[in-house]
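One-letter residues, chain by chain:
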Amino acid sequence: MDHSKGTVGWTVEEVDRIVHEPARYMILSVLYVLEGADFQFLRTQTGLTKGNLSSHMTKLEDAGYVMVKKEFKGKKPHTMLRITKKGRKAFDGYRKKMRSIMD
Amino acid sequence: MDRSLDRLEKRMWATYQQDGMWDIFLGVLMLMMGLRMIIDHWIMTVVGLTLVIGVVIIKKMVTEKRIGMASWSSKRRSKKITLFFLILLANIATLLLIILSIMGVSPDRVTGALVIGGMILITFSAISYFMYFWRFILWGSLLTFAIVINEILDPDSGPLMFFFIGSAAVALGFYYLVIFLREHQSIKEVI
């Protein structure tokens, strides 16, 4: 048994801090069950403010967990997001760790 | 997908039904059905269709703009297709009954009313199940009740029943619409 991981089986350093943040966890939860969603839908479902959502979107995109596609519909900007394979794997891994201590 | 994520997906899907527009749509249909019993003129059908199309357009332009857009999973898309075929089947069955009636091969009033009422209830229940919108069962039950009462017990009560139920549906729909518009402000997106 690897005693450095305690009885939980993983260390605090192994927790993905990108996913661990509650707002980003909410965003990834929404995107995980969909094939994509726009900015307005994410804002409606998560209850985050525009600025907050935008900031977390950037962090997730920088981590490679979501893909952001910006386009114009007529004259209005429209942003679509989808979770990447890397994002799904990170999300699954995080949930598995949390379930190991919560279930 | 585990159950908690499954529940999340269902709840998100159900948010599209929170705007009261389906209640208004069904209420308008029922009001038109009641009015058609009194004013037997083709113009009533045109007015009814126009109102129904108006409600559908408002849902697209008001509701969906406020909630936003999602690309649903293939599992959800297949449920939507099932729902579409269910509604199509119900419409085909109704059309067949009408054709049989025109040909003189129709059941007696009681059997006819019960068959149509049953079909409506089953269709509305199925739609309610797929859309996670319980009020469809409520309106389906009341509509079935109105048809049965009208056909079997008291033909004169038909228009009144449809007006009453239709008005209740429209009023409730507007109540939910006001709450929805207050909760979901339209925003300018941050680039």
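Figured I'd write up the structure that's included with this text. (Residues numbered from 1 in each chain as written. Chains lettered and ligands numbered in written order. Predicted model: local features only at pLDDT ≥ 70, side-chain atom pairs only at ≥ 80, totals over all residues. Heavy atoms only, no water.)

### Some words on the nonpolar core
The test is simple: Among buried residues, the Ala, Val, Leu, Ile, Met, Phe, Trp, Tyr and Cys ones that are joined through side-chain atoms within 4.5 Å form a nonpolar core. The buried label applies to any residue whose accessible area, calculated with a 1.4 Å probe on protein chains only, is under 20% of its type's maximum; exposed applies above 50%, and partly exposed to all values in between. Numbered from the N terminus, helices here are DSSP runs of H or I no shorter than four residues, and strands are runs of E no shorter than two. The contact rule is simple, with two residues in contact once any of their heavy atoms fall within 4.5 Å.
Core analysis: the largest hydrophobic core is formed by 38 residues, its most contacted members being L28(A), L31(A), L34(A), F41(A), L42(A), M12(B) and W72(B). Where this core is concerned, the elements lending two or more residues are α2 (22-32), α3 (39-46), α4 (50-62), β2 (66-73), β3 (76-83) and α5 (85-102) of chain A together with α1 (3-14) of chain B. Setting aside anything within four residues of it in sequence, one finds M12(B) in contact with V30(A), V33(A), L34(A), F41(A), Q45(A) and W72(B). Membership of the second largest hydrophobic core comes to 29 residues, among which are M30(B), F130(B), I147(B) and M161(B).

### So, the pattern of salt bridges
Defined as follows: Basic side-chain nitrogens of Lys or Arg form a salt bridge, by our definition, when they fall within 4 Å of a carboxyl oxygen of Asp or Glu.
Summed over all chains, the structure comprises 7 salt bridges over all chains. The salt bridge involving R77(B) is made with E35(A); its shortest N-O contact spans 3.2 Å. In this pair, R77(B) sits in helix α4 (residues 74-102) while E35(A) sits in the loop between α2 and β1 (36-38), so the two residues belong to two different chains. We note a salt bridge from R135(B) to D23(B), for which the minimum N-O separation is 2.7 Å. Of the two residues, R135(B) is situated in helix α6 (residues 135-153) and D23(B) in helix α2 (residues 21-38); the sequence distance between them amounts to 112 residues. D23(B) carries the same exposure label as R135(B), and that label is buried. Where salt bridges share partners, they join D6(B), K10(B) and K75(B) into one cluster.

### Some remarks on the packing of aromatic side chains
What counts is decided by this rule: What counts as a ring pair is set by centres within 6.5 Å for rings of Phe, Tyr and Trp (its six-membered ring), and what kind of pair is set by the plane angle: stacked under 30 degrees, edge-to-face over 60, tilted for all other angles.
The full count for this structure, using the stated rule, is 10 aromatic pairs over all chains. Both rings, one in Y32(A) and one in F91(A), keep their centres 4.9 Å apart while their planes meet at 35°; by these two values the pair is tilted. Of this pair, Y32(A) sits in helix α2 while F91(A) sits in helix α5, and the two are 59 residues apart along the sequence. Grouping residues by exposure puts Y32(A) and F91(A) together as buried. Their ring planes at 85° and their centres at 5.4 Å tell us that W22(B) and F25(B) sit as a pair that is edge-to-face.

### Looking at the packing of α2(B) against helix α7 (residues 158-183) of chain B
All names here are of chain B. Rule in force here: For helices, the axis comes from a line fit to the C-alpha atoms of the stretch in contact; other axes are also lines fit to C-alpha atoms, and the angle between any two N-to-C directions lies between 0 and 180 degrees. Put simply, angles under 35 degrees are roughly parallel, angles over 145 are roughly antiparallel, angles from 65 to 115 are roughly perpendicular, and the rest are oblique. Working rule for handedness: look at the near helix, and if it is turned counterclockwise from the far one by less than a right angle, call the crossing left-handed; if clockwise, right-handed. Polarity classes work like this: nonpolar for Ala, Val, Leu, Ile, Met, Phe, Trp, Tyr, Cys and Pro, charged for Asp, Glu, Lys and Arg, and polar for all others, with Gly in that last group.
Where α2 meets α7, the axes come as close as 7 Å, and the angle between the chain directions of the two elements is 160°. In terms of orientation, α2 lies roughly antiparallel with respect to α7. For the pair α2 and α7, the crossing hand works out as left-handed. For the contact of α2 with α7, the class distribution of residues is 18 nonpolar, 6 polar and 1 charged.

### Quick look at the pairing of β2(A)
Residue and element names in this part refer to chain A. Put simply, the rule is: At least two DSSP bridges between two strands are needed for those strands to be called paired.
Here β2 runs beside β3; their pairing, made up of 8 bridges, is antiparallel. Within β3, the position partnered with F72 by the bridge is P77. Linking β2 back to β3 in an antiparallel pair, the connection comprises 2 residues, with G74 at a positive phi of about 75°.

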